[in-house]
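Reading the structure
In case you want the letters, here they are:
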Amino acid sequence: MSPRAVRGAMGRNVRTDDLESFDRPGKRSRPRTKDRPDYSELPVARVITIDRGRYRCQLDDVLVTATKARQLGRKGAIVGDIVRLDGDVSGEEGTLARIVQVEERSTVLRRTADDTDPFERPIVANADQLLIVTALADPPPRMGMIDRIMVAAYDAGIEPILCLTKSDLASPDALLAAYQPLGVDVVVTEPGSDLEPVRALLADRVTVFVGHSGVGKSTLVNALIPGVNRTTGDVNDVTGRGRHTSTSAIALELPDWQGRQGWVIDTPGVRSFGLSHVTPEGVLAAFGDLSRFTVDCPRGCQHGAEDPECGLDAAVERGDLAPERLESYRRMWQAGRLKDWE
Ligand SMILES: Nc1nc2c(ncn2[C@@H]2O[C@H](COP(=O)(O)OP(=O)(O)OP(=O)(O)O)[C@@H](O)[C@H]2O)c(=O)[nH]1
Ligand SMILES: [Zn+2]
């Protein structure tokens, strides 16, 4: 079977600059006060990984190690953050710069709380896409899991993409049928497949890769970024560490593709993201074409299957809305209500 990229039927197309209207908690930064120092002349870098309290930042082509300046207080920088650096930014062995300011984040992806960590922690900033890597077999796909990750993405204002690997082992048809009505981009891969469709989707974007162990995520990253060595356990050029010790996400620059740049943020050990902030409006906002049908909904309508007189049902009855699209929305919304998952 030939590799292919399937453009979502509904052509959903959320970009971060369209998201200002999203009411996302924690998005707004504190207003500037007069006595806050002006850092606007300082160099701007991107945090690419965090290693034992040290921030590895990319400043143009130089890797700079930095600490957090005291004035940042409890607020930390996370992978993907755009930061202002003060001090020695030469990147030379043994030098240390200081992060004095974290620029406002366009998006924040939070990790699900686990037993040892009762809070949702922000882990990746400024991503505009989330690539959900799922094998078609070995291990078998779990739709409930994909749905929940999609909801987390929608809620964070990040566009989900589905990457179905191992199409040499099983057909992608059932999953394509389930996800095309959502309007998500789907790419299908197998050994030796042409990755141009994937490269095209990643160009000019910052894309977080997420996937369970064994789905072929490292294989994909290695194919997209030659020499990056994500699986072998070799000491990594960027982090200077072996893979087994890396728990932080890491931002990796993609090779130039048709003159366009892009970033992959790989997330070892991170397979799920928090859903506790999800609201029906947050999910609905990702389904832009649906919101206009909800204006006449009864007050407090959650637009679920059990809600009486929901405008979405009326729209389907009138023939203004495809039933599959409503079903997809409700599947997502249902997935978002299950708070304990993984
Ligand atoms: N048949 C088949 N096998 C694949 C494909 N992609 C990857 N694999 C194999 O699946 C296994 C797991 O691949 P990895 O890339 O290590 O998977 P991962 O998601 O990074 O998993 P971890 O390394 O455990 O995090 C390896 O043996 C790969 O060679 C594919 O498209 N088809
Ligand atoms: Zn409704």
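Refer to the structure presented above.
I will try to describe carefully the structure that is included in this document. In this text the structure is predicted, and so the values were computed from the model without any measurement. (Residues numbered from 1 in each chain as written. Chains lettered and ligands numbered in written order. Predicted model: local features only at pLDDT ≥ 70, side-chain atom pairs only at ≥ 80, totals over all residues. Heavy atoms only, no water.)

Describing the overall build of the protein
We apply this condition: Comment: elements are numbered from the N terminus, with helices defined as DSSP H or I runs of at least four residues and strands as E runs of at least two. Here, two residues are considered to be in contact whenever any of their heavy atoms come within 4.5 Å of each other. Using a 1.4 Å probe, accessible areas were evaluated by the Shrake-Rupley method; residue-level cover was limited to the displayed protein chains.
Looking only at helices and strands, the protein has 8 helices and 14 strands in total. Considering only contacts within the protein whose residues lie at least 6 apart along the sequence, 68% involve residues at least 24 apart. Counting only carbon and sulfur atoms, one obtains 48% of the accessible surface of the protein, whose full area is about 16700 Å².

As for the site of ligand 1
Spelled out, the test is: One heavy atom within 4 Å of a molecule or strand is enough for the residue carrying it to be called near that molecule or strand. Polar contact is the term for a pair of N or O atoms within 3.5 Å; when the atoms are in protein, one must be able to donate a hydrogen and the other to accept it, and sequence-neighboring residues count only if both atoms are side-chain atoms. Polar here means any residue other than Ala, Val, Leu, Ile, Met, Phe, Trp, Tyr, Cys and Pro, which are nonpolar, and Asp, Glu, Lys and Arg, which are charged; Gly is therefore polar.
Ligand 1 sits among 15 residues. The nearest are Ser 213, Gly 214, Lys 217, Ser 218 and Thr 219. Residue Lys 166 places a side-chain N or O atom 3.0 Å away from an oxygen atom belonging to ligand 1. Between ligand 1 and the protein, one listed contact pairs an oxygen atom with a backbone N or O atom of Lys 217 at 2.8 Å. In isolation ligand 1 exposes 640 Å². Once the protein is present, 66% of that is buried. Tallied by class, residues from the shell around ligand 1 come to 3 nonpolar, 7 polar and 5 charged.

Observations concerning the side chain of Thr 189
For clarity, the cut-off: Between buried and exposed lies partly exposed: a residue is buried under 20% and exposed over 50% of the maximum accessible area for its type, with that area taken using a 1.4 Å probe on protein chains only.
Mapped onto the elements of the fold, Thr 189 is located in the loop between β11 (185-188) and α3 (196-202). We classify Thr 189 as buried; its relative accessible area is 7%. Every residue in contact with Thr 189, bar those within four places of it in the chain, is listed here: Cys 163, Leu 164, Thr 165, Lys 166, Ser 167, Leu 195 and Val 198.

Focus on the coordination of the zinc ion (ligand 2)
Note on metal sites: the ideal angle is 109.5 degrees for four tetrahedral donors, and 90 or 180 degrees for six octahedral donors. Rules: For Na, K and Ca the donor cutoff is 3.2 Å, while for all other metals N, O and S atoms must lie within 2.8 Å; water is not among the atoms, so some sites may look incomplete. Irregular is the label for any site that misses the other tests, which are tetrahedral for four donors with all angles between 85 and 135 degrees, and square planar for four donors or octahedral for six when opposite donors exceed 155 degrees and the remaining angles lie between 65 and 115.
Looking at the zinc ion (ligand 2), the protein donor atoms are Cys 297 (SG), Cys 301 (SG), His 303 (ND1) and Cys 310 (SG), and they sit 2.1 to 2.4 Å from it. Here the zinc ion (ligand 2) binds 4 donor atoms, and the angle range of 100 to 118 degrees at the metal identifies the geometry as tetrahedral. We note that the donor set of the zinc ion (ligand 2) lies within a single chain, spaced as C-x3-C-x1-H-x6-C. The burial state of His 303 is the same as that of Cys 310; both residues are buried.

Observations regarding the environment of Pro 280
The residue Pro 280 is located in helix α5 (residues 280-286) in this model. When near neighbours in sequence (up to four residues on either side) are disregarded, Pro 280 contacts Gln 302, Tyr 329 and Trp 333.

Section: the pairing of strand β3 (residues 54-59)
To be explicit about the condition: Here, a strand pair is defined by DSSP locating no fewer than two bridges between the strands.
Sheet topology note: the strand β2 (residues 44-51)/β3 ladder contains 5 bridges and is antiparallel. Following the sheet pairing, Thr 49 is matched in β3 by Arg 56. Hairpin remark: β2 followed by β3, antiparallel, with 2 residues in the connecting loop; positive phi at Arg 52, about 45 degrees. Sheet analysis places β3 next to strand β4 (residues 62-68), joined by 5 bridges and oriented antiparallel. Within β4, the residue paired with Gln 58 across the bridge is Leu 63. Hairpin connection between β3 and β4: a loop of 2 residues separates the two successive antiparallel strands, and Asp 60 in this loop has a positive phi of roughly 50 degrees.

Quick word on the packing of aromatic side chains
In plain terms, the rule: Two rings from Phe, Tyr or Trp (for Trp, the six-membered ring) form a pair when their centres sit within 6.5 Å of each other. Planes less than 30 degrees apart are called stacked, planes more than 60 degrees apart edge-to-face, and all others tilted. Only Lys NZ and Arg CZ are tested; either one counts as a charge over a ring when it is within 6 Å of the ring centre and within 35 degrees of the ring normal.
Summed over all chains, the structure comprises 0 aromatic pairs. Over the ring of Tyr 179 we find Arg 331; its NZ or CZ atom is 5.0 Å from the centre of that ring.

A look at the nonpolar core
To keep it simple, the criterion reads: For this analysis, a nonpolar core means a set of buried residues of the types Ala, Val, Leu, Ile, Met, Phe, Trp, Tyr and Cys, connected via side-chain atoms within 4.5 Å.
Counting 55 residues, the largest nonpolar core has Leu 130, Met 150, Tyr 179, Phe 287, Tyr 329 and Met 332 as its most contacted members. If one sorts the elements of this core by residue count, helix α1 (residues 143-156) sits on top with 9 residues. Grouped together as the second largest cluster of nonpolar side chains are 21 residues, Val 198, Leu 220, Leu 224 and Ile 225 included.

Observations regarding helix α4 (residues 217-224)
The condition that has to hold: Each direction from the helix axis to a C-beta atom contributes to the arc, which is the arc of those directions.
For α4, the complete set of buried residues consists of Lys 217, Ser 218, Leu 220, Val 221 and Leu 224. One side of α4 carries all its buried residues, which in axial view fall inside an arc of 160 degrees. On the buried face of α4, the contacting elements are β9 (129-135), β10 (159-165), α3, β12 (206-210), β13 (250-253) and β14 (263-266).

Notes on the pattern of salt bridges
Stated formally: What counts as a salt bridge is simple: a side-chain nitrogen of Lys or Arg found within 4 Å of a carboxyl oxygen of Asp or Glu.
All chains considered together, the criterion is met by 12 salt bridges. Here Asp 128 makes a salt bridge to Arg 205, at a shortest N to O gap of 3.7 Å. Within this pair, whereas Asp 128 is found in the loop between β8 (121-125) and β9, its partner Arg 205 is found in the loop between α3 and β12, the two being separated by 77 residues in sequence. On the basis of relative accessible area, Arg 205 is assigned to the buried category, the value being 9%. Between Arg 318 and Asp 320 there is a salt bridge whose closest N-O contact spans 2.8 Å. For Asp 320, a relative accessible area of 43% puts it in the partly exposed group. Connected through salt bridges with shared partners, the residues Asp 128, Glu 159 and Arg 205 form a single ionic network.

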